[in-house]
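Descriptive structure summary
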Amino acid sequence: MTSVELVGREFSVIGSRVPKYDALEKVLGEARYLLDLEMPGMLHAKILRSSHPHARLLSIDASEAARMPGVVDVITARDVRLNNLGYLKDNPPLKWGKVRSVRDEIAAVAAVDPETASEALQAIDVKYEPLPPVTDPVAALEPGAPLVHEELGTNRVNLDFGLSYGDVEAAFQRADVVVEGTYRTQYVAHNPGDTMGALAWVDAQGTLNVYTNTQAPFLYQRWLAESLGIPAHRVRVIQPHIGGAFGRNLDVYPHDVITAALAMRTRRPVKLLFTRSEELQNAPTKQPLIARVRQGATRDGRLVAREVDAILDAGAYVGWGVFDARVMQYTVTGLYSVPAVRFRTTVVYTNNPSTAAMRSAGNSQITFAVESNMDELAERLGMDPVEFRLLNANRPNTVTPQGARITTCAMPEALREAARRIGWRGRHSAGPNRGIGFACYFHVGGGARIYRSDGCGAIVKVDDFGGVIVSVGGTEIGEGLDTSIQLIVAEALGVPRDRVRVQINGDASMRLWDVGTHASRGTFICGNAALRAALDARRQILEGASKILGAPPEDLEIVDGFVRSRTDPSKGMEYDKVVRRMHFFSGAQGRIVVASSFYEPPSEEPDERWHGNVSATYGFGCQAALVEVDPETGRVKVLRIVSAHDAGRVINPNGFEGQVQGGVAMGIGLALLEELHLSEGRVVNGSFEDYRLPRVTDIPEIDVVSVGEPDPEGPYGAKGVAEGPVIPVGPAIANAVADALGVRIRDLPITPEKIWRALALNVQ
């Protein structure tokens, strides 16, 4: 059962429940994903990966594979010149000299079908000199540890995400109670509906065309061109329907470059698509975390100091996963009011899988650590955990030590509502072997300034028959951006929703620039761009109507598609007739209604200390979890989740509820079930038979609540909410387990074995 509370219904379509824009297309099977795409003469590519997590490459002989019937091309690093990928440019698309992971790409084959390509891989003879692998990030820092990148002379990555605000040591001296603990999160697979891949071909004009399920088509265009060594204007990026991404598709990966290189060499379309097993084995993972958290408070419950030491395992190469630390910084300094904060990080190279950002981009990991420690601190203080959080909760119109300017904020309201709805009556009051836990979150809600521009462009065109076409640079990955854009534009123009057609994904060269879908920015950033373009189109229509109707523009309005005078009811006309007359008839002849806009949020690019207001607004929320634990088996059953969010004004309640329910379901997986198990850097549970995902029976009753006020900067007051629901689930469940049994699990996932061992140790 779900409830959504909305403030105010003075709009015509904003806040109304509507189905997802592309729902019928998907239900009817008309949506075409990368899996569905075929082209005449298309070749299929497969990649040969390393047999060892760490080894020297002595030789590669692909001659036998190249002679096989049906094989069109075989490439190694010696056959093509490709530039390195990644933030530190440390990842060659094809490896030579050394391999640093079992995922390392050594050779690639293009053949007439996937089976022939796979057979050809077996015919490639590679000789290795195995080297000792290093898979423990702590051990990787010890003197004499094997070096992943020998040329660097260390496994410590040259990235410093540390910061300090206030006199931390003096603040801890003032604290009456200090609690310290170490918390760990696991490797997790993204597991969207799509698997990774690309389809590339070179057209008659010499342009490289790539179908890809990227989340950031304009950055993809740039990075792919850089790796191939060709001008970016010669790369055309096309996005099909995308079955989710969750951050996995923010980077350009070696398989993208390899597919493009094969297409350029063979002059035929080349498609590479991971199988589900290949996806689990070789796709980037969620960034695991080891965090030592120390917090201090005065006797009356006021937080005075927080210190976090984090170890981040970069894997063999540095991708965007490591930069989850930037989000962790803002949570450490901004979740609750704490005046003195220190955050230190150590980023380490290992022979483990490289990581990518995953929904919340590090926030779910660090919030698990901080919010678990908050509960432990409240218990040591002898305070109710809800009252302790309320005392230290974020408030509107404040600034965090790191410079995040909080405008609208309803964290206290979310806390109170979650406590009321879950039936909170204090610790250990839920019944035998039952427990209730709480956790809050603080996250960007208006974009995240991690690039020089966090903006988005939009175009609105109104045709002669009243059809409204809106094109935005943003990417639809299943989150409902298309639906929000449709509602925002229909509201701004004053026309029926079904008159608005949204052009999204597809050919990026036909859209205005956007930084990409991430950081819960879609509705806020792209919605603001579309709103501004729609308001400009509305202005044009009213100016044209002014000449036709003989009324000043400021006296005219558009309501339900009808242009009318506010003061003279006799003056009015359907908006499509106005547009036609603007185009064809005297007085306004030759004018067409087209408007464009580029919205750049009023956020800041952080300084060298990473101090600054990176988001135009911030999202807050609280989740309460009711669990039941079997003390004999350690099995945890989540009975109910209350998920309260300050998301500003909700544009589409159906979409809001779907985001929250999906986030909670994902959070339950992260908290209790999901983990990629590694052995010497190799995934050993690389199938859905062995990798545990939440089932329908694992999902409890979810009570979805919207609190707070419309945000003045958001489109019609909306704030981003896509990532928020997943963030506090893990700590809320961990705190509920501790409330039920009196034992605390400090590393995810919370498995029956961990609970059983903790109970056995507690008895001893």
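Look up a bit, the structure's there.
Not measured: the values here are computed from a predicted model.

Considerations on the overall build of the chain
The helix and strand tally for the chain stands at 17 helices and 33 strands. Its C-alpha atoms give the chain principal-axis dimensions of about 85 × 75 × 50 Å. Within the chain, buried positions represent 63% of all 764 residues. Looking at the chain alone, contacts between residues at least 24 apart form 80% of all its contacts between residues at least 6 apart. A total of about 28,400 Å² of accessible surface is found on the chain, and carbon and sulfur atoms cover 50% of it. Averaging the coordinates of the 81 positive side-chain charges in the chain and doing the same for the 92 negative ones gives two points 2 Å apart.

Description of the sheet that holds strand S6 (residues 125-130)
Either a parallel or an antiparallel arrangement is found when strands of a sheet pair, and the pairing is made through backbone hydrogen bonds. The sheet built from three strands is open, its strands ordered S4-S2-S6 with antiparallel pairing. Of all strands in the sheet, those with a lone pairing partner are strand S4 (98-99) and S6, marking the two edges.

Some remarks on helix H14 (residues 575-584)
When H14 is considered as a whole, its buried residues turn out to be Tyr 575, Asp 576, Val 578, Val 579 and Met 582. Projected down its long axis, H14 shows its buried positions confined to an angular sector of 155°, all on one face. Contact partners of the buried residues in H14: strand S21 (456-462), strand S22 (468-472), helix H13 (522-549), strand S26 (562-565), strand S27 (572-574) and strand S28 (593-599).

A word on the packing of helix H15 (residues 653-673) against helix H16 (residues 729-741)
Relative orientation of the contacting elements H15 and H16 amounts to 55°, with a least axis distance of 8 Å. Accordingly, the angle class assigned to the pair H15 and H16 is oblique. Viewed along their axes, H15 and H16 form a crossing whose handedness is right-handed. Between H15 and H16, the residues in contact are Gly 663, Val 664, Gly 667, Ile 668, Ala 671 and Leu 672 and Val 729, Gly 730 and Ile 733, respectively. Here the contact of H15 with H16 is composed, by residue class, of six nonpolar, three polar and no charged.

Topic: the state of the cysteines
Using the criterion set out here, one finds zero disulfides in the structure. Free cysteine: Cys 409, not disulfide-bonded; nearest cysteine sulfur from Cys 440 at 9.7 Å. The structure places no disulfide on Cys 440, whose sulfur is separated from the nearest cysteine sulfur, that of Cys 622, by 3.7 Å. You can call Cys 440 buried: its relative accessible area is 0%.

Section: the environment of Glu 574
For Glu 574, the position within the fold is in strand S27. Take Glu 574: its relative accessible area is 33%, and that puts it in the partly exposed class. Setting aside residues up to four positions removed in sequence, Glu 574 forms contacts with Gly 561 and Phe 562.

Observations regarding helix H11 (residues 411-422)
Spanning 12 residues, H11 covers 16 Å between terminal C-alpha atoms, matching the ideal 16 Å at 1.5 Å per step. Buried within H11 are the following residues: Met 411, Pro 412, Ala 414, Leu 415, Glu 417, Ala 418, Ala 419, Arg 421 and Ile 422. Check the buried side of H11 and you find it contacts helix H10 (385-392), strand S20 (434-444), strand S29 (618-629), strand S30 (636-646) and strand S33 (701-707).

Rules used throughout
Residues numbered from 1 in each chain as written. Predicted model: local features only at pLDDT ≥ 70, side-chain atom pairs only at ≥ 80, totals over all residues. Heavy atoms only, no water. Helix = DSSP H or I, 4+ residues; strand = E, 2+ residues; numbered from the N terminus. Buried < 20%, exposed > 50% of the residue type's maximum accessible area, 1.4 Å probe, protein only. Contact = heavy atoms within 4.5 Å. Areas by Shrake-Rupley, 256 points an atom, 1.4 Å probe, with all protein chains shown as cover. Lys, Arg positive; Asp, Glu negative; His and termini not counted. Charge placed at Lys NZ, Arg CZ, Asp CG, Glu CD. Pairing = 2+ DSSP bridges. Arc of directions from axis to C-beta. Axes fitted to C-alpha atoms, helices over the stretch in contact; angles between N-to-C directions. Parallel < 35°, antiparallel > 145°, perpendicular 65-115°, else oblique. Left-handed = near helix turned anticlockwise from the far one by under 90°. Nonpolar A, V, L, I, M, F, W, Y, C, P; charged D, E, K, R; others polar. Disulfide = S-S within 2.5 Å. Expected span 1.5 Å × (residues − 1).

Interpretation note: all reported values are geometric properties and have no functional meaning in isolation.
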